[in-house]
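Each chain, written out:
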Amino acid sequence: MEADSVISGGLPSEIICFQILPRLPTKFVIRCRCVCKSWSSLTRNPSFLTVHRSFRCSPSTHLLFTTSDETTTTLQHFHSVKLNQEEGEKNIINPTTDLFSLPAPSYSFLGGTHSINGLTILADQLNAKTVYVFNPCTEQIITLPHTSLVAELFTHHLGFSAVTNEYKVFQVHWSGNEDYPNYVTSLRFKIFTLGTTTWRHIELDFPFDPERLDFAKKSVCLHGGIHWMHMNQKIIVAFDVGAERFRDNIPLPGDCDSGNIVEVGGCVAVYDDTSLFQQDMILLWILEDYQNHVWVKKNIIFTSSWEKLGCPIPLGTIHTGELLLKPTLRDSANVSVHLYNIESDSFRKCKISLPVKIGLWSLLTSYDESVITLRS
């Protein structure tokens, strides 16, 4: 055995890297990086990150909230809330951890937020200069380079390819017609691979009508692809993150007429948003067989009126397998989220303790703990 494959004490680095350190919770792995240079290097290795993620040694879900002050909206604050894991403990108030603050756009919150393997993206839809990627667990945040393209709107989507082991930001620029704002006159696409320094312009072929797809709508990254719901053509479209091309379309269920896309149990799913306010229920279709395009329908009936519950919409499943519901009517005096257990067909409510003196607030996304290191 070569000397550089053995850590002091005689243990092979392979055993430490793939059998011992990956079994530690996230916060302990981060601390281990301070022990010695060898451990610091090992725990940043892409192979280690893959193994650590597969062990899921920190089985918990965090919620990312954003708030503004009552007196000023020049700063946007970000907070993390770790959900309690005991399903029966419905009245526990989940405390908040303050993360950081960023300059806020003058007209809205930073949005476009979703998380993959613990990495989260924040972006300003009207200003491509403001794009951040951060890891709340390591408290690292990077600002992506300014892109030179001029457009009316920008949207950003974070993706991951297990084939290439790369995280990429997919950027869409589009412009419209002054007389017909909803009519797209031009589309351009760029890619930024985390760990590099520049955006790359890409040319794409489309197995769908791209000008009728609202790229600003929510996406989900699963199976190495970023997925959108294309209601105009009643399909799911998917951008392959590794190959950097669009895949073949996935037909939507025949009885799905409107709604949005969401992740449920590691599967692509869609829900009908009209059923929320018309029937006080969620009509959910889950793509349980991705290759053969097999959808399974699920009806989720609320225990009270949808409006009284804060008009919640599906955000995705958490580590317990429960479906997280995001409130769209926000009461600063009573911040809470609802979770739905698909197996037992039951709901529970989680109360959240956000800072007392807040003005606006919003639940942005949920995220898992991660030891991924960001390089600016």
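As the structure is a computational prediction, the values presented were derived from the model and not from experiment. The residue count restarts for each chain, going from 1 along the sequence in the order it is written. Thresholds applied to this predicted model are a pLDDT of at least 70 for local features of residues and 80 or more for the giving and counting of side-chain atom pairs; totals over whole chains, interfaces and linings are not thresholded and use all residues. Side-chain descriptors were evaluated using all non-hydrogen atoms of the structure, hydrogens and water having been removed beforehand.

Undergrad: Is there a simple way to explain the environment of aspartate 289 in this structure?
TA: Where helices and strands are cited, they refer to DSSP runs of H or I of at least four residues and of E of at least two residues respectively, numbered from the N terminus. Tracing the backbone through its elements, the reader meets aspartate 289 in strand β20 (residues 281–289). For aspartate 289, a relative accessible area of 26% translates into the label partly exposed. As a C-alpha pair, aspartate 289 and cysteine 267 span 22 residues in sequence and 8.5 Å in three-dimensional space. Exposure categories follow from relative accessible area, calculated using a 1.4 Å probe and restricted to protein chains: below 20% of the type maximum is buried, above 50% is exposed, and the middle band is partly exposed.

Undergrad: Got a minute to help me understand the nonpolar core in this structure?
TA: The nonpolar side chains of a soluble globular protein tend to be buried, and buried together. Leu144, Phe170, Leu194, Phe215, Trp228 and Phe239 are the most contacted members of the largest nonpolar core, which totals 43 residues. Discounting residues that sit within four places of it in the chain, leucine 144 has contacts with Val131, Val133, Val169, Phe192, Leu194 and Trp199. For this analysis, a nonpolar core means a set of buried residues of the types Ala, Val, Leu, Ile, Met, Phe, Trp, Tyr and Cys, connected via side-chain atoms within 4.5 Å. Counting residues in each nonpolar core, the second largest holds 18 residues, with Val264, Ala269, Leu323 and Leu325 among its members. Contact between two residues is taken to exist if any of their heavy atoms lie within 4.5 Å; hydrogens are not considered.

Undergrad: I'm lost on the packing of aromatic side chains in this one. Help?
TA: Two numbers describe a pair of aromatic rings. These are the distance of the centres and the angle of the planes. Ring geometry is summarised as follows: Phe, Tyr and Trp rings, the Trp one being its six-membered ring, pair when their centres sit within 6.5 Å, and such pairs are stacked at plane angles under 30 degrees, edge-to-face over 60 and tilted between the two. In the structure shown here, the tally under the stated rule is 19 aromatic pairs. Aromatic side chains phenylalanine 170 and tryptophan 228 sit 5.8 Å apart centroid to centroid with 55° between the ring planes, which places their arrangement in the tilted category. Of this pair, phenylalanine 170 sits in strand β10 (residues 166–176) while tryptophan 228 is found in strand β14 (residues 225–230), placing the two residues 58 residues apart along the sequence. Overall, the relative accessible area of 0% leaves phenylalanine 170 in the buried class.

Undergrad: Is there a simple way to think about the sheet that holds strand β3 (residues 93–94) in this case?
TA: Note on pairing: DSSP must find at least two bridges between two strands before they are called paired. Spatial strand order, β3-β25-β24-β23-β22: five strands in an open sheet with mixed pairing. Both edges of this open sheet fall to β3 and β22 (312–317), since each of them pairs with a single strand only. Two strands pair when backbone bridges link them, and strand β23 (residues 323–327) and strand β24 (residues 336–341) are joined in this way by three bridges, in the antiparallel orientation. Looking at β24, one finds that leucine 324 is bridged to leucine 339.

Undergrad: Is there a simple way to think about the side chain of histidine 77 in this case?
TA: If you trace the backbone, histidine 77 turns up in strand β2 (residues 75–82). Overall, the relative accessible area of 14% leaves histidine 77 in the buried class. In terms of polar contacts, histidine 77 uses its side chain to reach the side chain of serine 101, at 2.6 Å. As used in this structure description, the phrase polar contact means that two N or O atoms lie within 3.5 Å; if the pair is within protein, one of them must be able to donate a hydrogen and the other to accept it, and residues adjacent in sequence are counted only when both atoms belong to side chains.

Undergrad: What's the story with unusual backbone geometry in this structure? I'm lost.
TA: Negative phi values dominate among residues other than glycine, just as trans dominates among peptide bonds. Phi at histidine 293 takes a positive value of approximately 60°, unusual for a residue other than glycine. Within the secondary structure, histidine 293 sits in the loop between β20 and β21 (294–301). At aspartate 345, a residue that is not glycine, the phi angle is positive and equals roughly 55°. For aspartate 345, a relative accessible area of 48% puts it in the partly exposed group.

Undergrad: Honestly, the sheet that holds strand β18 (residues 260–264) in this entry has me stumped. Any pointers?
TA: In sheet architecture, strand pairing relies on hydrogen bonds along the backbone and comes in two forms, parallel and antiparallel. Ordered in space as β18-β19-β20-β21, the four strands form an open sheet in which the pairing is antiparallel. Single-partner strands in this sheet number two, and they are β18 and β21. The mean inter-strand angle of the sheet, taken between neighbouring strand axes irrespective of direction, is 30°. In this analysis an axis means a line fitted to C-alpha atoms, helices contributing only their contacting stretch, and an angle means the value between N-to-C directions, from 0 to 180 degrees.

Undergrad: Any chance you could explain the pattern of salt bridges here in plain terms?
TA: Pairing between side chains of opposite charge can happen when the charged atoms of each approach one another. Any carboxyl oxygen of Asp or Glu that lies within 4 Å of a side-chain nitrogen of Lys or Arg is treated as forming a salt bridge with it. By the definition in use, this model includes seven salt bridges. Between glutamate 244 and lysine 168 there is a salt bridge; the shortest N-O distance is 2.7 Å. Remark: lysine 168 occurs in strand β10 and glutamate 244 occurs in the loop between β15 (235–240) and β16 (245–246); sequence separation between them is 76 residues. Each member of the pair, glutamate 244 as well as lysine 168, is classed as buried. Note that lysine 234 and aspartate 257 form a salt bridge whose closest N and O atoms lie 3.6 Å from each other. With lysine 234 in the loop between β14 and β15 and aspartate 257 in the loop between β17 (250–251) and β18, this residue pair connects regions lying 23 residues apart in the sequence. Assessed through its relative accessible area of 29%, lysine 234 is described here as partly exposed. When salt bridges with common partners are traced through the structure, they connect Glu166, Lys168, Arg200 and Glu244 into a single cluster.

Shape descriptors only; they carry no functional weight alone.
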